[in-house]
Amino acid sequence: MWLWQASLLAGSNVRGMAMRAMQLIAYDTDLQLSTVDVPEPAAGEVIIHVAACGLNFADTLMIKGSYQEKPRLPATLGLELAGTVSAVGTGVTGFAVGTRVAAYAGGGGLADYAAVPAKLCVTIPDKMPFTDAAGFLIAYGTSHLALHDRARMQKGERLLVLGASGGVGLTAVELGHLMGAEVIACARGAQKLKLCKKMGADHLIDSDTDDIRDRVKALGGADVVYDPIGGEQFTAAMRACNPGARLLPLGFASGKVAPIPANILLVKNMSVLGLYIGGYAKLNPKALTDSFDTLIGWYNEGRIAPHVSHVLPLEDANAGLDLLRRRQATGKVVIAVN
């Protein structure tokens, strides 16, 4: 009997049993549904029975072999996940079998079970669906760390969010509004901008038809720029910044990395502050989990509400990744694993 068909209780002995995993076998090819061994916890790890896994644009770059961290093949992808602890390794405290958790795993989420360092896990409330939790950590964590820790954005500042209808962009709009910023949302098309308005945007820019630089300058210029797009949009946003502005390059969904003229930074006393949330797992894991705890607290208080646009079964993970490649998703794409 397949493990996922067995309705096994959390904490059951799964040693030597098999599970499903969506694996990258060769770069620049579709993921393949494979059968692999259920992992066992190393010291400091927990095994999570995966309920759901959030997809990210970084997954598409890993498949191409162009991500900053290149996985060794065959590799099970899936950076963030949510589920129930089914086994605990030596030295782990704070998590017991049966605990509902979410984790920034860095990989392995597109499988029935995943081994994750306990220091990268957070407990999630009973009222939080696994599909919300699985798409929560990277999108909200990136935006919270970027706006709060890196840019140190203040109430009343003007925040420009590029790619505002995407998975991370929508959370930046929502958190920016929550933190008291005047939010300018830039996205493609009226329907996506309508969603940005619903999430708290004060001003809307259509990147297909509007001149970003002119529109932002007409609104008074940007104090903080949140940019997962890169390329020409980054350049336009930079030229619409106020003196003392902070620019946050978070990704390059356009496929282009814009040059950054040092003379403009000098004359306007501007700062460019990179953020790679995966780096926090090694650089400062406590900052990562502290941010997650803050965000889950806001979720409990009803101050933030994740927007999941698509939920697909494990075998349709490739279709979910295509939605991200074509920029057809608004909010998060989540894979329901179990």
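Quick note: structure is the one above.
To start, this report covers the structure provided alongside it. (Residues numbered from 1 in each chain as written. Predicted model: local features only at pLDDT ≥ 70, side-chain atom pairs only at ≥ 80, totals over all residues. Heavy atoms only, no water.)

1. Details of the sheet that holds strand β1 (residues 18–24)
Sheets are built from strands paired through backbone hydrogen bonds, the pairs being either parallel or antiparallel.
Phase 1 of the analysis: Strands sit in the order β2-β1-β4 across an open sheet of three strands; the sheet is antiparallel. Looking at which strands have only one partner, the edges of the open sheet turn out to be β2 (32–37) and β4 (75–76).
Phase 2 of the analysis: The pairing of β1 with β2 spans six bridges and is classified as antiparallel. By the bridge assignment for β2, Ala21 is matched with Ser34. (Pairing = 2+ DSSP bridges. Helix = DSSP H or I, 4+ residues; strand = E, 2+ residues; numbered from the N terminus.)

2. A look at the environment of Gly108
Phase 1 of the analysis: Considering the arrangement of structural elements, one finds Gly108 in the loop between β6 (100–104) and β7 (113–117).
Phase 2 of the analysis: The exposure class assigned to Gly108 is buried, which follows from its relative accessible area of 16%.
Phase 3 of the analysis: Remark: the alpha-carbon pair of Gly108 and Tyr140, spanning 32 residues in sequence, is separated by 20 Å.
Phase 4 of the analysis: The residues contacting Gly108, other than those within four sequence positions of it, are Thr76, Leu77, Gly78, Tyr113 and Ala114. (Buried < 20%, exposed > 50% of the residue type's maximum accessible area, 1.4 Å probe, protein only. Contact = heavy atoms within 4.5 Å.)

3. What to know about the pairing of strand β10 (residues 182–187)
Phase 1 of the analysis: For β10, the buried fraction is high: five of the six residues fall into the buried class.
Phase 2 of the analysis: In this sheet, β10 lies alongside strand β9 (residues 158–162) in parallel orientation, the contact comprising five bridges. For Leu162, the partnering residue across the bridge sits in β10 and is Cys186.
Phase 3 of the analysis: At this point the chain moves from β9, through helix α4 (residues 167–178), to the parallel β10, and the crossover so formed is right-handed.
Phase 4 of the analysis: The pairing of β10 with strand β11 (residues 203–206) spans four bridges and is classified as parallel. The residue bridging Ile184 from the neighbouring strand is His203, located in β11. (Right-handed = clockwise from strand over helix to strand, strands pointing away.)

4. Let's talk about the packing of helix α1 (residues 57–64) against helix α11 (residues 317–325)
Phase 1 of the analysis: In contact at an axis separation of 9 Å, α1 and α11 are set at 105° when each is read in the N-to-C sense. Overall, the two elements α1 and α11 adopt an arrangement that is roughly perpendicular. Between α1 and α11, the residues in contact are Phe57, Asp59, Thr60 and Ile63 and Leu321, Leu324 and Arg325, respectively.
Phase 2 of the analysis: Here the contact of α1 with α11 is built from residues that sort into four nonpolar, one polar and two charged. (Axes fitted to C-alpha atoms, helices over the stretch in contact; angles between N-to-C directions. Parallel < 35°, antiparallel > 145°, perpendicular 65-115°, else oblique. Nonpolar A, V, L, I, M, F, W, Y, C, P; charged D, E, K, R; others polar.)

5. Considering the environment of Val116
Phase 1 of the analysis: With respect to the helices and strands, Val116 occurs in strand β7.
Phase 2 of the analysis: With relative accessibility at 0%, the residue Val116 sits in the buried group.
Phase 3 of the analysis: Counting along the chain gives twelve residues from Val116 to Tyr104, while the straight-line C-alpha distance between them is 8.3 Å.
Phase 4 of the analysis: In contact with Val116, not counting residues within four places along its chain, are Gly44, Glu45, Val46, Ile48, Leu81, Ala103, Ala105 and Cys121.

6. Looking at the packing of aromatic side chains
Phase 1 of the analysis: Within this structure, the stated rule accounts for three aromatic pairs.
Phase 2 of the analysis: Both rings, one in Tyr67 and one in Tyr276, keep their centres 6.1 Å apart while their planes meet at 75°; by these two values the pair is edge-to-face. Placement of Tyr67 in the loop between α1 and β4 and of Tyr276 in the loop between β14 (271–272) and α9 (277–283) is noted, with a sequence separation of 209 residues between them.
Phase 3 of the analysis: Looking at Tyr67, the relative accessible area reads 13%, which means it is buried.
Phase 4 of the analysis: Classification of Tyr276 as partly exposed rests on a relative accessible area of 26%.
Phase 5 of the analysis: A centroid spacing of 6.2 Å and a plane angle of 85° characterise the contact between Phe136 and Tyr299, whose relative ring orientation is edge-to-face. One end of the pair, Phe136, is in the loop between α2 (130–134) and α3 (137–150); the other, Tyr299, is in helix α10 (residues 285–300), and 163 residues separate them in sequence.
Phase 6 of the analysis: Since its relative accessible area comes to 1%, Phe136 is described here as buried.
Phase 7 of the analysis: With relative accessibility at 11%, the residue Tyr299 sits in the buried group.
Phase 8 of the analysis: Feature note: the residues Phe136, Tyr140 and Tyr299 constitute an aromatic cluster, connected by ring pairs.
Phase 9 of the analysis: Lys70 extends its terminal NZ or CZ atom over the ring of Tyr27, reaching a point 4.9 Å from the ring centre. (Phe/Tyr/Trp six-rings, centres within 6.5 Å; stacked < 30°, edge-to-face > 60°. Lys NZ or Arg CZ within 6 Å of the ring centre and 35° of its normal.)

7. Side note on the side chain of Asn56
Phase 1 of the analysis: Here Asn56 is to be found in the loop between β3 (45–54) and α1.
Phase 2 of the analysis: Residue Asn56 is classed as buried on the basis of its relative accessible area of 8%.
Phase 3 of the analysis: Within the structure, Asn56 has its side chain in polar contact with the side chain of Glu80 (distance 3.1 Å).
Phase 4 of the analysis: Sequence-distant contacts of Asn56, defined by excluding residues within four places in its chain, comprise Leu79, Glu80, Ile138, Leu324 and Lys332. (Polar contact = N/O pair within 3.5 Å; in protein donor to acceptor, adjacent residues only side chain to side chain.)

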